[in-house]
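# Structural features, examined
Below are the chains, spelled out letter by letter.
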Amino acid sequence: MACKRGALIVLEGVDKAGKTTQCKKLVQALQQSGSPAEMMRFPDRTTTIGQLISAYLEKKSDLEDHTVHLLFSANRWELVPLIKKKLEQGTTLVVDRYAFSGVAFTSAKPGFSLDWCKNPDVGLPKPDLVMFLKLSPAEAAQRGQFGEERYETSAFQKTVQQKFEHLMNDSSVNWQVIDASKSVDDVHEDITTHSLNTINTAQNLQLGELWK
Ligand code: ADP
Ligand code: 2DT
């Protein structure tokens with residue numbers, strides 16, 4: 001019998017919601033329980049495209065807004081063959097940001113519609129589960145100062161949060177809102193429960209295509 005496929009699990013949320021912390025803990029917990037799992041993150045700054053994005057985020061270079069949006073999308077598409085291969089091999093992928101960040105961040109800029117922003121990512125592997133780590137701007141602020149990178153201002157992050165809210169109205173995506181204000185361990189428990197359910201159901205389902 002062919003091996004059961006892994007699940008594509010995405011964590012989204014505003015800055016400091018705890019995405020990276022929780023992705024790492026989830027991968028560790030899955031691996032320890034004998035379930036193959038690996039972490040990925042977008043942007044993946046290690047590729048040639050990712051290095052252009054990284055320089056832009058670090059404000060070492062300027063890129064036109066449409067251009068950088070398309071680069072973020074291209075950075076996901078270049079990883080699609082690897083994503084599909086891992087899932088087919090039975091490895092669950094836990095992904096720190098995906099196309100939803102792409103749409104939320106660019107559409108928070110003036111003159112960008114949600115539809116235009118979604119288009120380049122239509123047809124990407126569809127996550128089996130997207131967990132949105134919800135945290136108020138005030139609580140995020142208590143977790144430390146904003147860094148020096150582009151987009152790291154409270155005004156911009158508030159607009160991004162509103163764009164995420166729009167995206168979450170789309171019932172074609174399996175969204176789960178997670179209360180990210182709880183302790184690291186309590187959030188981890190919520191995330192693990194949702195993930196184990198998803199890993200169980202996804203293994204019998206075909207991988208979908210996002211926004212198609
Ligand atoms: P993100 O990847 O969403 O930006 P991080 O995982 O990097 O968030 O966490 C941002 C900061 O908040 C880190 O200093 C981290 O240790 C802290 N943090 C993460 N989760 C929690 C939590 N549940 N409660 C309090 N602090 C947290
Ligand atoms: P981190 O590496 O700290 O997560 O910051 N972004 C991300 C976009 O504008 N478009 C995208 O498609 C993605 C995946 C969010 C990365 C920054 O880049 C933004 C914050």
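The rules we used
- Residues numbered from 1 in each chain as written.
- Chains lettered and ligands numbered in written order.
- Predicted model: local features only at pLDDT ≥ 70, side-chain atom pairs only at ≥ 80, totals over all residues.
- Heavy atoms only, no water.
- UniProt positions renumbered as here; feature names shortened; annotations may be inferred.
- Phe/Tyr/Trp six-rings, centres within 6.5 Å; stacked < 30°, edge-to-face > 60°.
- Buried < 20%, exposed > 50% of the residue type's maximum accessible area, 1.4 Å probe, protein only.
- Lys NZ or Arg CZ within 6 Å of the ring centre and 35° of its normal.
- Near = heavy atom within 4 Å.
- Polar contact = N/O pair within 3.5 Å; in protein donor to acceptor, adjacent residues only side chain to side chain.
- Areas by Shrake-Rupley, 256 points an atom, 1.4 Å probe, with all protein chains shown as cover.
- Helix = DSSP H or I, 4+ residues; strand = E, 2+ residues; numbered from the N terminus.
- Nonpolar A, V, L, I, M, F, W, Y, C, P; charged D, E, K, R; others polar.
- Pairing = 2+ DSSP bridges.
- Axes fitted to C-alpha atoms, helices over the stretch in contact; angles between N-to-C directions.
- Contact = heavy atoms within 4.5 Å.

The chain is annotated in an unreviewed UniProt entry as Thymidylate kinase of Labrus bergylta. UniProt annotates the chain under Sequence similarities (unreviewed entry) with the comment "Belongs to the thymidylate kinase family."

This part takes up the packing of aromatic side chains. Under the definition given, this model contains 10 aromatic pairs. Each ring, one from Y151 and one from F156, has its centre 5.1 Å from the other, and the planes form 10°; the classification is stacked. Here Y151 and F156 have matching classes, each one buried. Taken together, F42, Y98, F100, W175 and W211 form an aromatic cluster joined through their ring pairs. Against the face of F146 rests K16, its NZ or CZ located 3.9 Å from the ring centre. When the ring centre of Y56 is taken as origin, the NZ or CZ atom of R150, which lies over that ring, is 3.9 Å away.

R45, F72, R76, R97 and G102 are the nearest of the 13 residues found near ligand 2. Note that an oxygen atom of ligand 2 is positioned 3.0 Å from one of the side-chain N or O atoms of R45. R97 is positioned with one of its side-chain polar atoms (N or O) 2.7 Å from an oxygen atom of ligand 2. Bound to the protein, ligand 2 loses 90% of the 460 Å² it would expose on its own. The set of elements that each furnish at least two residues to the shell around ligand 2 consists of helix 3 (65-77) and helix 5 (99-107). By residue number, the principal contributor to the shell around ligand 2 is helix 5, which donates 3 residues. Its residues assigned to classes, the shell around ligand 2 comprises 7 nonpolar, 2 polar and 4 charged.

What follows concerns the site of ligand 1. Taken together, 13 residues sit near ligand 1, with K16, K19, T20, T21 and K182 positioned nearest. With respect to ligand 1, the backbone of G18 contributes an N or O atom lying 2.9 Å from an oxygen atom. At a separation of 2.8 Å, an oxygen atom of ligand 1 approaches a polar side-chain atom of T20. Considered on its own, ligand 1 offers 570 Å² of accessible surface; in the complex 65% of this is hidden by protein. A per-element tally of the shell around ligand 1 places helix 1 (residues 19-32) first, with 3 residues. Each residue belonging to the shell around ligand 1 can be placed in one class, and the counts come to 4 nonpolar, 4 polar and 5 charged.

This brings us to the sheet that holds strand 2 (residues 37-41). Reading across the sheet, the 5 strands line up as 2-3-1-5-6 and stay open at both edges, with parallel pairing between neighbours. Strands with a single pairing partner mark the edges of an open sheet, and in this sheet they are strand 2 and strand 6 (175-179). Recorded for the sheet is a direction-independent mean angle of 25° between the axes of neighbouring strands. The sheet contact formed by strand 5 (residues 129-134) and strand 6 spans 5 bridges and is parallel. Bridging across to strand 6, F132 finds its partner in V177. Contacts from helix 8 (residues 154-167) reach strand 1 (8-13), strand 5 and strand 6, with the element oriented near 145° to strand 5. Helix 9 (residues 184-202) contacts strand 1, strand 3 (92-96), strand 5 and strand 6 of the sheet and is inclined by roughly 170° relative to strand 5.

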